[in-house]
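Given next are the chains, with one letter for each unit.
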Amino acid sequence: MAPRYGAPVDGEGPTGAARVDVLTPRDVPLGGPRAMTVRRTLPQRARTLIGAWCFADHYGPDDVSVSGGMDVAPHPHSGLQTVSWLFSGEIEHRDSLGSHAYVRPGELNLMTGGYGISHSEVSTPRTTVLHGVQLWVALPAEHRATARDFQHYVPEPVRIDGAEIRVFLGSLAGHTSPVKTFTPLLGAEIALPPHTTLTLTVNPTFEHGLLIDQGEVSLAETPLRFAELGYAHPGTGTLTLTNTADTTARMILLGGPPFEEEIIIWWNFIGRSSEEIAQARRDWTEGRRFGEVRGYNGAPLPAPELPKVPLKPRGNRR
Ligand code: MN
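Draft legend 1. Expanded view of the overall build of the chain. On a plain count of helices and strands, the chain comes out with 2 helices and 26 strands. Here the C-alpha atoms of the chain give a radius of gyration of 19 Å, agreeing with the 20 Å that 2.2 N^0.38 yields for 318 residues. Counting only C-alpha atoms, the chain reaches 55 × 50 × 35 Å along its principal axes. Looking at the chain as a whole, 55% of its 318 residues are labelled buried. In the chain, the proportion of contacts linking residues at least 24 apart, taken out of those at least 6 apart, comes to 72%. Accessible area of the chain: about 14100 Å², with a carbon and sulfur share of 51%. With 29 positive and 34 negative side-chain charges, the chain shows a spacing of 6 Å between the two charge centroids.

And the structure:
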């Protein structure tokens, strides 16, 4: 039977403060001749997913005259969607759907891998400081082979209690993103003035993650530092965010009902079995399934070797 998303969580109600775990990032070099290092908070040992959000890389602010910026050659994706969200800089996106788009601050670019897509990402010469997040969404099994797609959306900022909120996926603070997702999701950027508290009404069946990009913020009285991801368990209808510092804080709020399926994340693919991942790797290596990226100056990325032992599906610990 297909899992139901958004079902109430047994034994928990919409009252009381959220229970919060702090997920700390690890530095991951992206590799290549112009290596960029990112701070990864998802997946990690303690947590694979928050809702269907299964990958969270946070990078910058990087002075591109020092770091060389971003230059990721064509590579494939399947079984997932990618979200590119920038705080500063500009990235040129090309994909095998034929999309040629510029990713800019405050603008959602949601790419659906589905059965298979390939794309390249290059920071433009106009970029002096590169700063943003790269997020992945796991597609539920029944939609994991959906057609490739690319959507662009610019949310109007919502102002509430001094905070400025950009809701790029789902609903928050009276604003609903029109962008379609395959499971219920929340994605929003929040800017919070110094020494301000914001109480947000949220869906009590959702779990949430708050990624701190700037400043010091407490989530339900749990202090979070730069690049940490505060995980709020489902079962509370309000999230209280407090900026405890003298400068404006900026953060990304993610949410969704707990994703009940076990998945395998390997390289740029999400599958349900080791065989499915090996097939995706073969198809990329042999030039099938993922289409062609036009206009990128250089060769596509080769897939790494598969590990010798079969890959094991992972879910969240209960
Ligand atoms: Mn990619």
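Draft legend 2. Looking closely at the layout of surface pockets. In this model, the largest pocket occupies a volume close to 1100 Å³. What lines the largest pocket is a set of 41 residues, and nearest its centre among them are Leu30, Arg40, Phe55, Trp267 and Asn268. Of all the secondary structure elements, the ones that give two or more residues to the lining of the largest pocket are strand E2 (26-29), strand E3 (37-42), strand E4 (53-63), strand E5 (71-77), strand E10 (117-123), strand E11 (129-138) and strand E25 (264-266). Considering every element that reaches the lining of the largest pocket, the biggest residue donor is E5, with 5 residues. Split into classes, the residues belonging to the lining of the largest pocket amount to 22 nonpolar, 10 polar and 9 charged.

Draft legend 3. Quick look at helix H2 (residues 274-285). The terminal C-alpha atoms of H2, which comprises 12 residues, lie 17 Å apart, in line with the 16 Å expected from a rise of 1.5 Å per residue. Turning to H2, its buried residues are Ser274, Ile277, Ala278, Ala280, Arg281, Asp283 and Trp284. Buried positions along H2 lie against E5, E10, E25 and strand E26 (269-271). Where H2 ends, the next residue or the one after it, glycine 287, has phi of about 75°, a positive value.

Draft legend 4. Main features of the pairing of strand E14 (residues 163-169). Counting buried positions along E14 yields 5 of 7 residues, so the element is predominantly enclosed. Taken together, strand E13 (residues 158-160) and the strand that follows it, E14, pair antiparallel across an intervening segment of 2 residues, in which aspartate 161 is found at a positive phi of about 50°. Summarising the sheet, E14 and strand E17 (residues 186-192) pair through 5 bridges and their orientation is antiparallel. Of the residues in E17, the one forming a bridge with valine 167 is alanine 188.

Draft legend 5. Main features of empty space enclosed by the protein. According to the stated counting rule, one finds 1 cavity of 30 Å³ or more in the structure shown. In this model, the largest cavity occupies a volume close to 60 Å³. Along its surface, the largest cavity is lined by Thr82, Ser84, Ile91, His93, Val103, Asn109, Met111, His119, Glu121 and Phe150. Looking at the lining of the largest cavity, the elements that each hand over two or more residues are strand E6 (80-88), strand E7 (91-95), strand E9 (108-112) and E10. A class-by-class count of the residues in the lining of the largest cavity yields 4 nonpolar, 5 polar and 1 charged.

What counts and what doesn't
Residues numbered from 1 in each chain as written. Predicted model: local features only at pLDDT ≥ 70, side-chain atom pairs only at ≥ 80, totals over all residues. Heavy atoms only, no water. Helix = DSSP H or I, 4+ residues; strand = E, 2+ residues; numbered from the N terminus. Rg over C-alpha atoms; globule rule 2.2 N^0.38 Å. Buried < 20%, exposed > 50% of the residue type's maximum accessible area, 1.4 Å probe, protein only. Contact = heavy atoms within 4.5 Å. Areas by Shrake-Rupley, 256 points an atom, 1.4 Å probe, with all protein chains shown as cover. Lys, Arg positive; Asp, Glu negative; His and termini not counted. Charge placed at Lys NZ, Arg CZ, Asp CG, Glu CD. 1 Å grid on protein atoms, 1.4 Å probe; cavity = no way out; pocket = protein on both sides within 12 Å on 5 of 7 lines; lining within 4 Å. Points joined across faces, edges and corners; volume = space filled by probe spheres on them. Nonpolar A, V, L, I, M, F, W, Y, C, P; charged D, E, K, R; others polar. Expected span 1.5 Å × (residues − 1). Pairing = 2+ DSSP bridges.

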